[in-house]
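# Structure at a glance
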Amino acid sequence: MQTNVAILRTGILTLLLCFPAGLFAQATGAVTGTVTTKKAKEVVNVVVYVDGVQGDFKPPSEPSRVDQKNLTFTPHVLPVVKGTTVSFVNSDDVLHNVFSPDECAEKMNLGTWPKGESKTFTFKQAGCHSALLCKVHPEMEGWVVVLDNPFFAKPDSSGKYTIPNVPAGKYTIKTWHQKYSEKSAPVEVKAGGSTTVDLDL
Ligand SMILES: [Cu+2]
């Protein structure tokens, strides 16, 4: 009897540990490809994203980061999923400010702060392409691109990008760049597979 109970317990435990993972793990695949731009060096400032993925996507628990370093917003373009908090860090020996003229970013103005300090802002509205500006240095400019889901990527300097773990299905791949117009292409993501979509801006 004792042994039977033990076996039963082990069996139930095994089921609990293994079954839900097998049952609920979503079938996913990757989208990959190469982006080309008129000015080759602009390719790293493109955002490639999968439009139309259904679901409720939580923002990351840790803030994303934008540096103000050598009088430059770094990265120049930061894609985030809606609800993401961004920490703006001053890494220069001068005072910097961060503000956005855009309604969708609540026309935020975070004030002015010295080296080593940071301020945060939460970007709530998907579809928002918020410019980042500094009142102290009018030449400074950056962007936060707020998206509906976390399936996005920025190409590397050779234009290659990969968006992993996309739920299998049919979607549209889209691009964002501060100057070049949007490009889009249909994509079918297959479970366990990788679909190639090249985009020329
Ligand atoms: Cu500044």
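Residues numbered from 1 in each chain as written. Predicted model: local features only at pLDDT ≥ 70, side-chain atom pairs only at ≥ 80, totals over all residues.

Looking along the chain, the bond that leaves Thr 74 and enters Pro 75 is cis, with omega of 0 degrees. Mapped onto the fold, Pro 75 is located in the loop between strand 4 (72-74) and strand 5 (77-81). The backbone of Glu 106 sits at a positive phi, close to 60 degrees, despite the residue not being glycine. Judged by the 15 C-beta atoms lying within 10 Å of it, Glu 106 is partly exposed. Backbone geometry at Lys 107 places phi at a positive 45 degrees, although glycine is not the residue there. Among the structural elements, Lys 107 can be located in the loop between strand 7 (96-99) and strand 8 (109-113). (Helix = DSSP H or I, 4+ residues; strand = E, 2+ residues; numbered from the N terminus. Buried ≥ 20, exposed ≤ 12 C-beta atoms within 10 Å, placed from the backbone.)

The next point concerns the sheet that holds strand 2 (residues 47-51). As a general point, the strands of a sheet are linked pairwise by backbone hydrogen bonds and lie either parallel or antiparallel. Reading across the sheet, the four strands line up as 12-2-14-15 and stay open at both edges, with antiparallel pairing between neighbours. Each end of this open sheet is capped by a strand with a single partner; those strands are strand 12 (152-153) and strand 15 (184-189). Of the strand pairs in this sheet, strand 2 and strand 12 are connected by two bridges, and their pairing is antiparallel. Bridging across to strand 12, Val 48 finds its partner in Ala 153. (Pairing = 2+ DSSP bridges.)

This brings us to the nonpolar core. Judged by nonpolar contacts, the single largest core of 42 residues is most densely connected at Val 48, Val 144 and Ile 163. Among the elements that take part in this core, strand 11 (residues 141-147) stands out by supplying five residues, more than any other. Residues lining this core come from more than one domain, with at least three contributed by each of domain 1 (28-57 + 151-201) and domain 2 (58-147). Residue contacts for Val 48: discarding those within four places in its chain leaves Val 35, Phe 152, Ala 153, Pro 155, Tyr 161, Ile 163, Ile 173, Thr 175 and Leu 199. (Core = buried A, V, L, I, M, F, W, Y, C linked by C-beta atoms within 7 Å. Domains from an automatic or database assignment. Contact = placed C-beta atoms within 7 Å.)

Extensive coverage of strand 5 is indicated by the burial of five of its five residues. Alternating positions in strand 5 separate into two faces, Val 77, Pro 79 and Val 81 on one and Leu 78 and Val 80 on the other, with burial throughout. With five bridges joining them, strand 5 and strand 11 adopt parallel strand pairing. Bridging from a neighbouring strand, Leu 78 pairs with Val 144 of strand 11.

Moving on, we get to the confidence of the model for the protein. With 88% of its residues at a pLDDT of 70 or more, the protein shows a mean pLDDT of 92. Segment residues 11-23: pLDDT under 50, and zero contacts once partners within four positions in sequence are set aside and those in other chains are kept. (pLDDT = per-residue confidence, 0-100.)

Strand order in the open sheet formed by four strands is 4-3-6-9, with mixed pairing between adjacent strands. Since the sheet does not close on itself, it has two edges, and those belong to strand 4 and strand 9 (118-123), each with one partner. The average angle at which neighbouring strand axes cross in this sheet is 25 degrees, direction not considered. As paired strands, strand 6 (residues 84-90) and strand 9 are joined by six bridges and run antiparallel to one another. When the sheet's bridge partners are listed, Val 89 is paired in strand 9 with Ser 118. (Axes fitted to C-alpha atoms, helices over the stretch in contact; angles between N-to-C directions.)

This part is about the environment of Gln 54. Mapped onto the elements of the fold, Gln 54 is located in the loop between strand 2 and strand 3 (64-69). Judged by the 10 C-beta atoms lying within 10 Å of it, Gln 54 falls in the exposed class. It is 8.4 Å that separates the C-alpha atoms of Gln 54 and Asn 149, two residues lying 95 residues apart in sequence.

Counted residue by residue, strand 11 has six buried out of seven residues, so it is predominantly covered. Examined bridge by bridge, strand 10 (residues 129-133) and strand 11 share five bridges and lie antiparallel to one another. Paired with Ala 131 across the strands is Trp 143, a residue of strand 11.

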